[in-house]
Amino acid sequence: MTLTITQFDAPFGAEIRGLDLSAPIADEDFAAVEQAWLDHHVVAIRGQRLDAAGMVDFSRRFGDLESHMLDQYHHPETPLIIVLSNQVEDGRSIGLADAGSFWHSDVSFRERPSKTTLLYALEVPAEGGDTLYCDMIAAYDDLDNTMKSRLDGLMAVHDYGYRDRLQGERGATVVLSQSQSEATPPVLHPVVRRHPDTGRKALYVSPGVTERIEGLQAAESDELLKAIFEHCLQDKYRLVYKWRAGDLVAWDNAAVMHAATTDTLDPAKGRTLWRTIVSGGPTH
Ligand code: OGA
Ligand code: MN
């Protein structure tokens, strides 16, 4: 089978056809997958049938995997997969019901955030539960030179706990244990980050995790972040991904931010996915 890459009818993202991920992938085919992932930021390989070992093997082609700190939702066969699910069996949630219905880039609350996230859909509703993506490279490119030089060299504080404080009134979706919370102190990342593979610049701040810009007064930081987010969140930088069972999607966390929409999903509509996280390097 030859491998083909078809851009989505959206500002970015592409579907890769001609791969069966349940069997080992030839090196040249994986090189094409990796290039498509770099070029399009979000790639989907549809119609797959994976078991846990197959998901882990394919994910490892992108790099080393790390397990999620919420160990209560690890896949029974491997801690390298976390189960995302709104389903309840025997009175217990079988997975994390909401992996983040706010804009974020995965694991930006650590010094070494995730390079790639992979999700494999086992069960998804016909409608609802879309994942939203925003192209932070295109959004950066379109900034005017005054804004680019204003942002150059700035660092921002990313804090896992920030979203819990933001969502305080609605109740945080996930409450960390004391040891989980102590293991995730705030960290600094550049506001404009160079992509580790392509060298392209991207905005690297997100409404859900970036608390403030270091060295600025609170009001100035709030105003600057608000302006950046308003710019990024325009439709022209936006991809809405509609899931089908059997989809394997991989995205580039240095190029996009993303948001789940599971906070508004009817719990009667089952949604279960497996997730792996590929480790990344330092951002500066
Ligand atoms: C994630 C995530 C989005 C979704 O797994 O990192 O943000 O739609 N998931 O479940
Ligand atoms: Mn995420």
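Residues numbered from 1 in each chain as written. Chains lettered and ligands numbered in written order. Predicted model: local features only at pLDDT ≥ 70, side-chain atom pairs only at ≥ 80, totals over all residues. Heavy atoms only, no water.

K.L.:
Please clarify how the site of ligand 1 should be interpreted in this entry.
P.N.:
Taken together, Leu-84, Ala-99, His-104, Asp-106, Leu-119, Thr-131, Trp-251, His-258, Ala-260, Arg-271 and Arg-275 make up the full set of residues near ligand 1. A distance of 3.0 Å separates an oxygen atom of ligand 1 from a polar side-chain atom of Asp-106. One of the side-chain N or O atoms of Thr-131 is found 2.6 Å from an oxygen atom in ligand 1. Contact with the protein chains covers 100% of the free accessible surface of ligand 1, which is 290 Å². (Near = heavy atom within 4 Å. Polar contact = N/O pair within 3.5 Å; in protein donor to acceptor, adjacent residues only side chain to side chain. Areas by Shrake-Rupley, 256 points an atom, 1.4 Å probe, with all protein chains shown as cover.)

K.L.:
Looking at this structure, I do not really get helix α1 (residues 27-40). What am I missing?
P.N.:
Residues spaced three or four apart along an α-helix face the same direction, because each turn holds 3.6 residues. The terminal C-alpha atoms of α1 lie 20 Å apart, and with 14 residues this matches the ideal 20 Å at 1.5 Å per residue to within 8%. Among all positions in α1, only Phe-30, Val-33, Ala-36, Trp-37, Leu-38 and His-40 are buried. For α1, the secondary structure elements touched by its buried residues are β1 (4-7), β2 (14-17), β3 (42-45), α2 (52-60), β9 (114-123) and β17 (248-252). (Helix = DSSP H or I, 4+ residues; strand = E, 2+ residues; numbered from the N terminus. Expected span 1.5 Å × (residues − 1). Buried < 20%, exposed > 50% of the residue type's maximum accessible area, 1.4 Å probe, protein only. Contact = heavy atoms within 4.5 Å.)

K.L.:
Can you walk me through the coordination of the manganese ion (ligand 2) in this structure?
P.N.:
Geometry sets the ideal angles at a metal, namely 109.5 degrees for four tetrahedral donors and 90 or 180 degrees for six octahedral donors. At 2.1 Å from the manganese ion (ligand 2) lie its protein donor atoms, namely His-104 (NE2), Asp-106 (OD) and His-258 (NE2). Along the chain, the residues donating to the manganese ion (ligand 2) are arranged with the sequence spacing H-x1-D-x151-H. One end of the pair, Asp-106, is in the loop between β8 (92-93) and β9; the other, His-258, is in strand β18 (residues 256-260), with 152 residues separating them in the sequence. Overall, Asp-106 belongs to the buried group, its relative accessible area being 3%. (Donors = N, O, S within 2.8 Å, 3.2 Å for Na, K, Ca; no water.)

K.L.:
Hey, could you run me through the nonpolar core in this one?
P.N.:
Counting 55 residues, the largest nonpolar core has Tyr-133, Leu-151, Val-191, Leu-203 and Ile-228 as its most contacted members. In terms of residue count, the dominant contributor to this core is helix α7 (residues 218-232) (5 residues). In terms of nonpolar packing, the next biggest core, distinct from the first, is built from 27 residues, Leu-38, Phe-58, Leu-248 and Trp-274 among them. (Core = buried A, V, L, I, M, F, W, Y, C linked by side-chain atoms within 4.5 Å.)

K.L.:
Mind showing me how you'd approach the side chain of Asp-135 here?
P.N.:
Within the fold, Asp-135 resides in strand β10 (residues 131-135). Despite its burial, Asp-135 pairs with no opposite charge, the nearest such side chain being Arg-200 at 6.9 Å. A distance of 3.0 Å separates the side chain of Asp-135 from the backbone nitrogen of Ile-137, its partner in a polar contact. Setting aside residues no more than four positions away along its own chain, Asp-135 makes contact with Phe-12, His-41, Tyr-237, Ala-255 and Val-256. (Lys, Arg positive; Asp, Glu negative; His and termini not counted. Salt bridge = Lys/Arg side-chain N within 4 Å of Asp/Glu carboxyl O.)

K.L.:
What am I meant to see in the pattern of salt bridges here?
P.N.:
Two side chains carrying opposite charge are able to pair once their charged atoms lie near each other. Taken as a whole, this structure holds 11 salt bridges when the rule is applied. A salt bridge links Arg-275 to Asp-106; the nearest nitrogen and oxygen atoms lie 3.3 Å apart. Here Asp-106 lies in the loop between β8 and β9 and Arg-275 lies in strand β19 (residues 272-279), a separation of 169 residues in the sequence. Comparing Arg-275 with Asp-106 shows no difference in burial state: the two are buried. Linked by salt bridges that have partners in common, Arg-150, Glu-220 and Glu-223 make up one network.

K.L.:
Looking at this structure, I do not really get the packing of aromatic side chains. What am I missing?
P.N.:
Each aromatic ring pair is characterised by the separation of its centres together with the angle its planes make. Applying the stated criterion across every chain, the model contains 9 aromatic pairs. Here Phe-30 and Phe-58 contribute two aromatic rings whose centre-to-centre distance is 6.0 Å and whose plane-to-plane angle is 75°, an arrangement assigned as edge-to-face. Of this pair, Phe-30 sits in helix α1 while Phe-58 sits in helix α2, and the two are 28 residues apart along the sequence. Residue Phe-30 shares its accessibility class with Phe-58, and that shared class is buried. Counting every residue linked through ring pairs, the aromatic cluster contains Phe-30, Trp-37, Phe-58 and Phe-62. Stacked on the ring of Tyr-140, the Lys or Arg Lys-148 has its end atom at 5.2 Å from the ring centre. Above the face of the Tyr-204 ring, Arg-193 is positioned so that its terminal group lies 4.7 Å from the ring centre. (Phe/Tyr/Trp six-rings, centres within 6.5 Å; stacked < 30°, edge-to-face > 60°. Lys NZ or Arg CZ within 6 Å of the ring centre and 35° of its normal.)

K.L.:
Honestly, the sheet that holds β18 in this entry has me stumped. Any pointers?
P.N.:
Think of a sheet as strands paired side by side through backbone hydrogen bonds, with each pair either parallel or antiparallel. Ordered in space as β16-β10-β18, the 3 strands form an open sheet in which the pairing is antiparallel. Looking along the sheet, the strands with just one partner apiece sit at the ends: β16 (238-241) and β18. If you compare each strand with its neighbour and ignore which way they point, the axes differ by 20° on average. (Pairing = 2+ DSSP bridges. Axes fitted to C-alpha atoms, helices over the stretch in contact; angles between N-to-C directions.)

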